[in-house]
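An overview of the molecular structure
What follows is each chain in one-letter form.
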Amino acid sequence: MQADYAPIILTSLLCGLSAGFLMHRSDFCVTGMFRDFFLFKDARMLRVLVFMVVASMALFHVAKVLGLIAHYPFPLLGAMSLTNILGGVLFGIGMVLAGGCVVGTLYKMGAGSMLSAVAFVGLLAGSAFYAQIHPAWSALTQQLAVFGPGKTIPQALGLSPYALIVPVLAAGGWLVWRWARQGALVMPSYAEGYIQPWMTAVLLAGVGLASYIVVGMPLGITTSYAKLGATVQSWFAPDHVASLSYFQAQGLKYVPPFGDTVITGGAGPALDAVAAIQYPLVGGIIFGAMVSAVKLGEWKLRYRVPARQYVSVLIGGILLGLAARMVPACNVWHLWGGVPILAGQSVLYVIGLLPGTWIGSVILARYVVRTA
Amino acid sequence: MVAQASDVAQVLEIDIRGQICPSCLLIALKEVNQRQARLKSGEEVLHILTDNRQATNTIPESVGNMGYQTAIEKIGGYYCIEIRK
């Protein structure tokens, strides 16, 4: 490891710890926010999510105006393709069946959920399996490319970012201000140590900003699932892992804000830039949630649940891992990273996520949680 | 404080600890609907045991809208949500 990695590893670890702690306290489950909207017509937490996106958008662009942002748009974003939507649909189904998305699974596992631990194993398997279909999927992605090479909507339209960011921010800000005045962002709370989700939303937007300033991009963790999956696979089949092009590719290549050399990383088993950025984040979220649960006396390994729920989270986890590579990336990356800068992939992903969550909710209510 | 068995005719305990979200709310709503008559008459109260923090506000909210009273108590690392007429 080079010295350049120290600020990255430390920042990612602190971001992960605080995010895990906050998410557990507020039960800040993005899957639940979308799912409960479709299942129970309950939009309260979805409003909090919108607030977080708007807050991130404001923070990122204030930081950009102040010259604190080194890369805009940030690394790892690609051009738009209809496969972003398809990936979003699968991601939505997978996250509902898994009982949490790529990040939600981590904080729930940290708090002692055995189901989430099984979903985590599924996520690793699904992410690593993606390498098998990567050549075909990336060919399809190129065939279904839309709106040219621009990575953000303003770029694709040939506009300055502010030409769209300012009106969107104004509309979003007005909406959030109205909800705040109606008290629609406040949740009644009975759980011990509860932190109001709107407060967590603000703090998480700040965590995302810290990552953007120091690491050079907002929070992202999904490549590390493929990396961890590839690592496990390479213990049993090293030659096979080495033969897959996806594990050779170095998708990340940039000069970090507090460094002067180019660092690179990919989904292969190597301890590279992706490992330095994402592994501390993953570990931090799990541990942060564990600390929160232990402090409240709520940490307990719970595994006695109906068998069909184990089947659901395993299938959901595999689907989620696979989809996270197909999209590419996840709720956290797109909702509090990409959408705030109007990244095209992120907007397309959300368009797919909505019907996907609805389909997942129907399957869950019909086949997994039997109430008939 | 949630009621003890002696206070009422019958306490039905439903344990949803560790289950996938949103089992808590779905199962609570199912039980409430199935036992509507006994709950409304006061013959029975429901105790939902959950470790899901979110459920401590979604269940009282939903069954509250259906006209039931709720009480929540933390017992040794999990929550007991009481639903009664």
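No experiment lies behind these values; they were computed from the predicted model shown.

Re the overall build of chain A
Within chain A, the secondary structure is distributed over 16 helices and 2 strands. Taken over the C-alpha trace, chain A has a radius of gyration of 20 Å; the compact-globule value for 372 residues is 21 Å, and the two agree within 12%. Seen along its three principal axes, the alpha-carbon backbone of chain A occupies a region of about 55 × 55 × 40 Å.

Quick notes on unusual backbone geometry
All names here are of chain A. Cis geometry marks the peptide bond from Y72 to P73; its omega dihedral reads -10°. In this fold, P73 is placed in the loop between α3 (44-65) and α4 (83-98). For the bond from V327 to P328, the omega torsion is -5°, close enough to zero to count as cis. A positive phi angle, near 45°, is found at D27, a position not held by glycine. With respect to the helices and strands, the residue D27 is situated in the loop between α1 (5-26) and α2 (30-40). C-beta crowding within 10 Å serves as the criterion here: with 26 such atoms nearby, D27 is assigned to the buried category. For A329, which is not glycine, the phi dihedral falls at a positive 90°. With respect to the element layout, A329 can be found in the loop between α14 (307-326) and α15 (331-338).

Considerations on the pairing of strand β4 (residues 78-84) of chain B
All names here are of chain B. With respect to burial, β4 is a largely interior element, 5 of its 7 residues being buried. Sheet topology places strand β2 (residues 44-50) next to β4; 5 bridges connect them, and they run antiparallel. Residue pairing in the sheet places T50 in a bridge with Y79 of β4. Note: strand β3 (residues 69-75) against β4, 7 bridges, orientation antiparallel. Across the sheet, A71 pairs through a bridge with E82, a residue of β4. Remark: 2 residues form the turn of the hairpin made by β3 and β4, two consecutive strands paired antiparallel; G76 in that turn has positive phi of roughly 40°.

Considering the nonpolar core
Residue and element names in this part refer to chain A. Ranked by internal contacts, the top residues of the largest apolar core, which has 140 residues, are F51, M52 and L320. Of all the elements, α3 adds the most residues to this core, at 12 residues. The residues touching F51, leaving out its near neighbours within four places in the chain, are V176, L185, W198 and A201.

Here's the deal with the interface of chain B and chain A
With 22 residues of chain B at the interface, the matching set in chain A holds 31 residues. Counting only elements with at least two residues in the side of chain B that touches chain A, the list comes to α1 (23-34), α3 (55-65) and β3 of chain B. Counting residues per element, the side of chain B that touches chain A draws most heavily on α1(B), at 5 residues. Tallied by class, the residues present in the side of chain B that touches chain A amount to 9 nonpolar, 7 polar and 6 charged.

Here's the deal with the environment of Y310(A)
Residues and elements named next belong to chain A. Mapped onto the secondary structure, Y310 falls in helix α14. Sequence-wise, Y310 and S116 are 194 residues apart; in three dimensions their C-alpha atoms are separated by 9.2 Å. Contact partners of Y310, with chain neighbours within four places excluded, come to L115 and V118.

Details of the sheet that holds β2(B)
Residue and element names in this part refer to chain B. Here 4 strands make up an open sheet; going across it, the order is β1-β2-β4-β3 and the pairing mixed. Looking at strand neighbours, the two that pair on one side only are β1 (10-15) and β3, the edges of this open sheet. Taken pair by pair, the neighbouring strands of this sheet meet at an average axis angle of 20°, ignoring direction. Where α1 meets the sheet, it contacts β1, β2 and β4, and its direction lies at approximately 170° from that of β2.

Conventions we followed
Residues numbered from 1 in each chain as written. Chains lettered and ligands numbered in written order. Predicted model: local features only at pLDDT ≥ 70, side-chain atom pairs only at ≥ 80, totals over all residues. Helix = DSSP H or I, 4+ residues; strand = E, 2+ residues; numbered from the N terminus. Rg over C-alpha atoms; globule rule 2.2 N^0.38 Å. Buried ≥ 20, exposed ≤ 12 C-beta atoms within 10 Å, placed from the backbone. Pairing = 2+ DSSP bridges. Core = buried A, V, L, I, M, F, W, Y, C linked by C-beta atoms within 7 Å. Contact = placed C-beta atoms within 7 Å. Nonpolar A, V, L, I, M, F, W, Y, C, P; charged D, E, K, R; others polar. Axes fitted to C-alpha atoms, helices over the stretch in contact; angles between N-to-C directions.

Note that every value here comes from positions in space, so none of it alone points to a role or purpose.
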